[in-house]
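# Coordinate inspection notes
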Amino acid sequence: MEISSDDAENSNDSFKNLPPVNIQSSCSASSSNSSSQSSTKISKTKEKNTDDRNNELASKKTSKSVKRNAQNEKLAEKVERKRAKELNKIYKPGECMKYMKIEMHPTFLSKWYAGDVEREVGQAGAKIAPSPALFDTGLVLWKRCVPLKLISNQGQVEMSPSEERCGHGLCVMTASDAVPHILRRGLAGHVRQVSEAADAKLTLVVFGAEDYFKSAPKRTKENKNEVITEMDLEMAITDLLVSTGCDTVLVNQGNELALLIVQSTKAIAEAPYKRSRHEFDDQVDFYMRGDNKKCVAVDKDGNGLSNLWQQMISVLPLCSLETSRALCSNYKTPLALYETLLSVDGVQTIANLGVTRSAVPGSRARRIGPEFARKLHTLFTAEDENTVIE
């Protein structure tokens, strides 16, 4: 194909008519665009790095807070476990006496009939706290040492008391001291006043009533306002019980008084433990602790399981001791007996099992019999809980 000269001139003229192009401005524009894009990329990269760093710091803080919370929870559980262990010691029988304090007036401790009190109380593990502030010299009260804890009192946090007062007490008086109250029929009122002042349920302890009636003169018209009889004492005790609900204990020896104080201390110390145990027993339909006859001891290593298995068989009807021994010697576990009874000829196998009469030497062995074998089959394989074993 050939191009003419006129076409070439026209093409040259068209190129001449084109507007001029600024190469420098286009280069600068392209360079500015590239620099702006690169700066944008750098800023985005910095923002991304900053976000990653912030996320990393936040995750570290979160992990630290989680670890700190876990450590705090473990510490709280440890403290709670330690507190529960201390509370178990405080109320556990055998150790609870160590945390009991008996408040007595020094005048009461100096009496001749209270000479054995300190010795018996010390041997029991309790402590005597002489308290001159007691308003009645014959008053005996109890306190229990408890661990400290934080409590809220009118919006302020403070420590709880280290001792808690028990709600029972003793009011000890001699028979000669009780005579004026009995003569004017004021024994019940006197004990009521002492009980209200002590804020405790009291038990009246009358010491030396037997010696008083032995040495007291006979009651006559002249001395009827000075001497009481046994009937007067019984009437006063009855009135005290009916009107105030206060029990009365008569003691005649100093060691009896000391043992009474020790027994009362032990009863008060173990009361919370026994109360919690009774509350647990009330939740079931039967009294499991009473079913403790003919029990078999099994230690942690499993020693005694064979005796327990034999005992379980021997309590069944129509089962003697020889029968249980024969069954347990052939079937060492309940599972072995159960698998035998599930077989086709299991009942016949059990029925043909021989039982030796150990008490009769030279006697022939007898069979267990089909009746007892059938009852065992029903007992071990019945799926209906209302099935009656006849």
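None of the values given here were measured: they were computed from a predicted structure.

## Comments concerning the overall build of the protein chain
Regarding its fold elements, the protein chain presents 14 helices and 10 strands. When burial is assessed residue by residue, the protein chain has 26% of its 390 residues classed as buried. The long-range share in the protein chain, meaning contacts at least 24 apart out of those at least 6 apart in sequence, stands at 65%. Counting every atom, the protein chain has about 27,200 Å² of accessible surface; 52% of that belongs to carbon and sulfur.

## A short note on the sheet that holds strand E8 (residues 248-251)
On the basis of which strands lie adjacent, the open sheet formed by six strands has the order E2-E1-E3-E6-E7-E8 and mixed pairing. Among the strands making up the open sheet, the edge pair consists of strand E2 (127-130) and E8. When strand polarity is set aside, the average angle formed by the axes of neighbouring strands in this sheet is 25°. One ladder, built from six bridges, connects strand E3 (residues 139-145) with strand E6 (residues 163-174); its direction is antiparallel. Residue pairing in the sheet places leucine 141 in a bridge with glycine 169 of E6. Along the sheet, helix H5 (residues 175-183) makes contact with E6 and strand E7 (201-207), crossing E6 at roughly 85°. The sheet strands contacting helix H9 (residues 254-281) are strand E1 (100-104), E3, E6, E7 and E8, and the helix crosses E3 at an angle near 35°.

## Some words on the packing of aromatic side chains
In the structure shown here, the tally under the stated rule is five aromatic pairs. On the basis of an interplanar angle of 70° and a centroid distance of 5.6 Å, the ring pair of tryptophan 112 and phenylalanine 207 is categorised as edge-to-face. Of this pair, tryptophan 112 sits in the loop between helix H3 (106-109) and helix H4 (117-124) while phenylalanine 207 sits in strand E7, and the two are 95 residues apart along the sequence. Accessibility expressed as a relative area gives 4% for phenylalanine 207, which makes it buried. Every member of this aromatic cluster is reached through a ring pair, and the members are Phe108, Trp112, Tyr113 and Phe207.

## Brief notes about the packing of helix H10 (residues 305-314) against helix H11 (residues 321-330)
Put simply, H10 and H11 touch, their axes get as near as 9 Å, and they point 130° apart. By the criterion of interaxial angle, the relationship of H10 to H11 is oblique. The handedness of the crossing between H10 and H11 comes out as right-handed. For the pair H10 and H11, contact is made by Trp309, Gln310, Ile313 and Ser314 and by Leu321, Ser324, Arg325, Leu327 and Cys328, respectively. Residue composition of the contact of H10 with H11, grouped by class: five nonpolar, three polar and one charged.

## Thoughts on the pattern of salt bridges
As enumerated under the stated definition, the model contains 10 salt bridges in all. Here glutamate 103 and arginine 165 are joined by a salt bridge, their closest N and O atoms 2.8 Å apart. Linking glutamate 103 in strand E1 with arginine 165 in strand E6, this pair joins segments that are 62 residues apart in sequence. The shortest N-O distance in the salt bridge between glutamate 270 and lysine 274 comes to 3.5 Å. Here glutamate 270 and its partner lysine 274 are both found in helix H9, four residues apart, which amounts to about one turn of the helix. Glutamate 270 gets classed as buried once you look at its relative accessible area, which sits at 9%.

## Things to note about the side chain of serine 131
Examined against the element boundaries, serine 131 turns out to sit in the loop between E2 and E3. Owing to a relative accessible area of 12%, serine 131 belongs among the buried residues under this scheme. Not counting chain neighbours up to four residues away, the residues in contact with serine 131 comprise Glu103, Met104, His105 and Pro106.

## Some details on the side chain of aspartate 136
Looking at the secondary structure, you find aspartate 136 in the loop between E2 and E3. Every residue in contact with aspartate 136, bar those within four places of it in the chain, is listed here: His105, His190 and Val194.

## Some remarks on helix H14 (residues 370-381)
Residues three or four positions apart in an α-helix share a direction because the helix packs 3.6 residues into each turn. Taking 1.5 Å as the rise per residue, H14 with 12 residues should run 16 Å; its terminal C-alpha atoms sit 16 Å apart, in good agreement. Among the residues making up H14, those that are buried are Phe372, Ala373, Lys375 and Leu376. The buried residues of H14 occupy one face: seen down the axis, they fall within an arc of 160°. The inward-facing, buried residues of H14 contact H11, helix H12 (334-342) and helix H13 (346-351).

## Looking at the confidence of the model for the protein chain
The predicted coordinates of low-pLDDT regions are not to be read in fine detail. Of the residues in the protein chain, 83% have a pLDDT of 70 or more, and the chain-wide mean is 80. Below pLDDT 50 for its whole length, residues 7-12 participates in one contact with residues either more than four positions away or in separate chains. A low-confidence stretch, residues 21-27 (pLDDT under 50), is modelled with zero contacts involving residues beyond four sequence positions or located in other chains.

## Structural notes on the environment of threonine 244
For threonine 244, the location among the structural elements is in helix H8 (residues 230-244). Judged by its relative accessible area of 30%, threonine 244 falls in the partly exposed class. Discounting residues that sit within four places of it in the chain, threonine 244 has contacts with Ala188, Arg192 and Asp239. Within polar-contact distance, the side chain of threonine 244 engages the backbone oxygen of leucine 240 at 2.5 Å.

## So, a positive patch on the surface
Residues Lys61, Lys64, Lys67 and Arg68 make up a contiguous surface patch of positive charge. One can find lysine 64 in helix H2 (residues 23-91). By relative accessible area, lysine 64 is classed as exposed at 53%.

Rules used in this analysis
- Residues numbered from 1 in each chain as written.
- Predicted model: local features only at pLDDT ≥ 70, side-chain atom pairs only at ≥ 80, totals over all residues.
- Heavy atoms only, no water.
- Helix = DSSP H or I, 4+ residues; strand = E, 2+ residues; numbered from the N terminus.
- Buried < 20%, exposed > 50% of the residue type's maximum accessible area, 1.4 Å probe, protein only.
- Contact = heavy atoms within 4.5 Å.
- Areas by Shrake-Rupley, 256 points an atom, 1.4 Å probe, with all protein chains shown as cover.
- Pairing = 2+ DSSP bridges.
- Axes fitted to C-alpha atoms, helices over the stretch in contact; angles between N-to-C directions.
- Phe/Tyr/Trp six-rings, centres within 6.5 Å; stacked < 30°, edge-to-face > 60°.
- Parallel < 35°, antiparallel > 145°, perpendicular 65-115°, else oblique.
- Left-handed = near helix turned anticlockwise from the far one by under 90°.
- Nonpolar A, V, L, I, M, F, W, Y, C, P; charged D, E, K, R; others polar.
- Salt bridge = Lys/Arg side-chain N within 4 Å of Asp/Glu carboxyl O.
- Expected span 1.5 Å × (residues − 1).
- Arc of directions from axis to C-beta.
- pLDDT = per-residue confidence, 0-100.
- Polar contact = N/O pair within 3.5 Å; in protein donor to acceptor, adjacent residues only side chain to side chain.
- Patch = residues over 30% accessible without salt bridge, like charges linked within 9 Å, V, L, I, M, F, W, Y side chains within 5 Å.
- Lys, Arg positive; Asp, Glu negative; His and termini not counted.
- Charge placed at Lys NZ, Arg CZ, Asp CG, Glu CD.

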